[in-house]
Amino acid sequence: QLQFVESGGGLVQPGGSLRLSCAASGFTLDDYAIAWFRQFPGQEREGVACISKVDGQTYYAESVKGRFTISRDNAKNTMYLQMNSLKPEDTAVYYCAAGPLGGWRPTWYNYWGQGTQVTVSS
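About the cut-offs
- Residues numbered from 1 in each chain as written.
- Predicted model: local features only at pLDDT ≥ 70, side-chain atom pairs only at ≥ 80, totals over all residues.
- Heavy atoms only, no water.
- Salt bridge = Lys/Arg side-chain N within 4 Å of Asp/Glu carboxyl O.
- Buried < 20%, exposed > 50% of the residue type's maximum accessible area, 1.4 Å probe, protein only.
- Helix = DSSP H or I, 4+ residues; strand = E, 2+ residues; numbered from the N terminus.
- Pairing = 2+ DSSP bridges.

A.B. asks: Just to check I follow, could you spell out the pattern of salt bridges for this structure?
C.D. replies: Two side chains that carry opposite charge are able to pair once their charged atoms sit near each other. For the structure shown, the criterion picks out five salt bridges. When the shortest N-O distance is used, the salt bridge between R38 and E46 registers 3.3 Å. The buried category is assigned to R38, whose relative accessible area is 3%. Where R38 meets D90, a salt bridge forms, and the shortest distance between an N and an O atom there is 2.9 Å. Here R38 is found in strand β4 (residues 33–39), whereas its partner D90 is found in the loop between β8 (78–83) and β9 (92–99), with 52 residues between them in sequence. Classification of D90 by relative accessible area gives buried; the value is 1%. Connected via shared salt-bridge partners are R38, E46, R67 and D90.

Structure (structure tokens):
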């Protein structure tokens, strides 16, 4: 039974920070590329950050570079997105994802968290 459970979303003021978590069970997260996507209302999901299985490199969308950090804790089989200096335009539903190779297209990922709302507002 595969599970990928997200937590950590919520309401934060501009300039604040949040840490999102995705806890995996039924599969080993370290075997996969991992990524975070976000979805704005009425829009398709877009990539935020990825650790590729192809080259082992970490990639960020230009809009979050320098503010967000993707990581994983293999002992806990959990992945994280640390979000600092949050802006109102970061408001979205955020999704964790895992797949065999990685990349920026949602269809390249097999496993998805349920999504968690992040709202940045004063």
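A.B. asks: So what exactly am I meant to see when it comes to the pairing of β8 here?
C.D. replies: Looking along a regular strand, one sees side chains alternate from face to face of the sheet. Where burial is concerned, most of β8 is hidden: five out of the six residues are buried. Two elements, strand β3 (residues 18–25) and β8, share six bridges in a ladder whose sense is antiparallel. Note that in β8 the partner of A23 across the bridge is T78. Here six bridges tie strand β7 (residues 68–73) to β8, and the two strands are oriented antiparallel to one another. Each bridged residue has a counterpart across the sheet, and for I70 the counterpart in β8 is L81. Hairpin remark: β7 followed by β8, antiparallel, with four residues in the connecting loop; positive phi at N77, about 55 degrees.

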